[in-house]
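# Results of the structural survey
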Amino acid sequence: MSFYDKYRVKTLRYLDNDLHGEELDAFRNHLETCGGCRASLEAELALSLLLRRSRPLYSAPDWLRSRVSALSGGDSRHKVAE
Amino acid sequence: MMRKCSFAVAARKYIVTPWGTSLASSRMSPVEQQSWLLREESMSLGSKQEHPQFTIDLSEYLDGLYSYALALSRNRAEAEDLVQETCLRAIRAMGSLRAESSAKSWLFTILRNIWFNQLRQRRTAPEIVELDLDGTGPNQAADSAKDPHATYVSNIEQEQVRTAIKQLSQESREIIVLREYEGLSYQEIAKVLRCPLGTVMSRLARARRKLRDLLFLNTVRAPIGEESQK
């Protein structure tokens, strides 16, 4: 993983609340001194919000829903045992 | 431990166990068929009482599966076929799904395996067909009840995002769909894509960067990690 990839990944993990302990503290300290990473964080956040607003990306056509329902015998819920 | 899943397809009754599938024969008389169904249903009930079961609703995953299929194939007809085949195989293999496993990542893995098997069989690269996806946008019926301007802006935004995603590589498209639209964890994505966790993270970071460039082309970006290099 390149140096730049490393910080992009950390930025994503920070947004996902996936950084903890010393790693989180170190990244926060880094953000205070690195304008590039702060800008990147803001851009990533904006992208995440935009992608969230555009969910779902596509909707399955109605005929496909009907077809899957038919495949399932009219009930698409299936029981799974432990 | 015996796992069972019962379901009906085209008015025929199947019972799936880890060892295979049995089918009520069409040569049975109506009385025999009814008797067979009652026996099998009572067996299923016995299993249900012995081992608590949960249900998965395939319809919940259809939009996600369809979006993922489009990300892989970029072809509506192929995506529809992929989703149908995925659901069919999932129904047949439901007995192999463990209660504690993620149904969603299991379904995406099935779809991906089917797609790559098809590619191998063709021995050629997939034909790239420009999508004509009018009418496949989300919640179009529901949108009519919203504020018209908000709907208009939302549709434009939606189209911009879809256009940008279409321009990504297949590798980037699929990881964006799995993470950003389907919310799979990094670990789940690593399982679906059969690659290390680090690869998932770096691939996602690159895909998002490319997507940002496509969507926010005019944004001035400062070099990442600039200070730390000193």
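None of the values given here were measured: they were computed from a predicted structure. (Residues numbered from 1 in each chain as written. Chains lettered and ligands numbered in written order. Predicted model: local features only at pLDDT ≥ 70, side-chain atom pairs only at ≥ 80, totals over all residues. Heavy atoms only, no water.)

## Notes on the overall build of chain A
The helix and strand inventory of chain A stands at 4 helices and 1 strand. Taken from N to C terminus, the helices and strands of chain A fall in the order α-α-α-α-β. The buried share of chain A, taken over its 82 residues, is 46%. Sequence separation of at least 24 residues holds for 30% of the intrachain contacts in chain A that already meet a minimum separation of 6. Just so you have it, chain A exposes about 4200 Å², and 47% of that area is on carbon and sulfur atoms. (Helix = DSSP H or I, 4+ residues; strand = E, 2+ residues; numbered from the N terminus. Buried < 20%, exposed > 50% of the residue type's maximum accessible area, 1.4 Å probe, protein only. Contact = heavy atoms within 4.5 Å. Areas by Shrake-Rupley, 256 points an atom, 1.4 Å probe, with all protein chains shown as cover.)

## What to know about helix 9 (residues 197–215) of chain B
Helix length check: helix 9 of chain B (19 residues) gives 27 Å between terminal C-alpha atoms against 27 Å at 1.5 Å per residue, within 8%. Along helix 9 of chain B, the residues that are buried comprise Val200, Met201, Ser202, Arg203, Leu204, Ala205, Ala207, Arg208, Leu211, Arg212 and Leu215 of chain B. (Expected span 1.5 Å × (residues − 1).)

## Looking at the side chain of Arg203 of chain B
You can see Arg203 of chain B is positioned in helix 9. Arg203 of chain B has contacts with Glu171, Ile175 and Leu193 of chain B, leaving out every residue within four places of it along the chain.

## Let's talk about unusual backbone geometry
Across the junction of Arg55 of chain A and Pro56 of chain A, the peptide omega takes the value -10°, indicating a cis bond. Looking at the secondary structure, you find Pro56 of chain A in the loop between helix 3 (35–53) and helix 4 (62–71). One non-glycine residue, Asn17 of chain A, lies in positive phi territory at about 55°. Position of Asn17 of chain A among the secondary structure elements: in the loop between helix 1 (3–15) and helix 2 (21–33). Looking at Asn17 of chain A, the relative accessible area reads 62%, which means it is exposed. For Arg74 of chain B, which is not a glycine, the phi torsion comes out positive at approximately 55°.

## A word on the packing of aromatic side chains
Applying the stated criterion to the full structure yields 2 aromatic pairs over all chains. A ring pair is formed by Tyr14 of chain A and Phe27 of chain A, whose centres lie 5.2 Å apart and whose planes are at 50°; its orientation type is tilted. In this pair, Tyr14 of chain A sits in helix 1 while Phe27 of chain A sits in helix 2, placing the two residues 13 residues apart along the sequence. Residue Tyr14 of chain A is classed as partly exposed on the basis of its relative accessible area of 24%. An angle of 70° between the planes, with centres 5.2 Å apart, marks the rings of Tyr68 of chain B and Phe108 of chain B as edge-to-face. With Tyr68 of chain B in helix 2 (residues 62–73) and Phe108 of chain B in helix 4 (residues 103–122), the pair connects residues that are 40 residues apart, well separated along the chain. In this structure, Tyr68 of chain B and Phe108 of chain B share a single accessibility class: buried. Sitting over the face of the ring of Tyr186 of chain B, Arg179 of chain B holds its NZ or CZ atom 4.9 Å from the ring centroid. (Phe/Tyr/Trp six-rings, centres within 6.5 Å; stacked < 30°, edge-to-face > 60°. Lys NZ or Arg CZ within 6 Å of the ring centre and 35° of its normal.)

## A few points about the confidence of the model for chain B
Residue and element names in this part refer to chain B. Within chain B, residue pLDDT values average 72, and 59% of them lie at 70 or more. Considering only residues more than four positions removed or in separate chains, one finds that residues 1–53, a stretch of pLDDT under 50, has 81 contacts. In this model, residues 226–230 is a region of pLDDT below 50 whose contacts with residues beyond four sequence positions or in other chains number 9 contacts. Model confidence for the complex is summarised by a pTM of 0.70, with the ipTM given as 0.83. (pLDDT = per-residue confidence, 0-100.)

## Description of a nonpolar patch on the surface
Residue and element names in this part refer to chain B. Nonpolar side chains collect at one region of the surface, where Tyr152, Val153 and Ile156 lie side by side and expose about 270 Å² of accessible area between them. Tracing the sequence through the fold places Tyr152 in helix 6 (residues 148–166). We classify Tyr152 as exposed; its relative accessible area is 53%. (Patch = residues over 30% accessible without salt bridge, like charges linked within 9 Å, V, L, I, M, F, W, Y side chains within 5 Å. Salt bridge = Lys/Arg side-chain N within 4 Å of Asp/Glu carboxyl O.)

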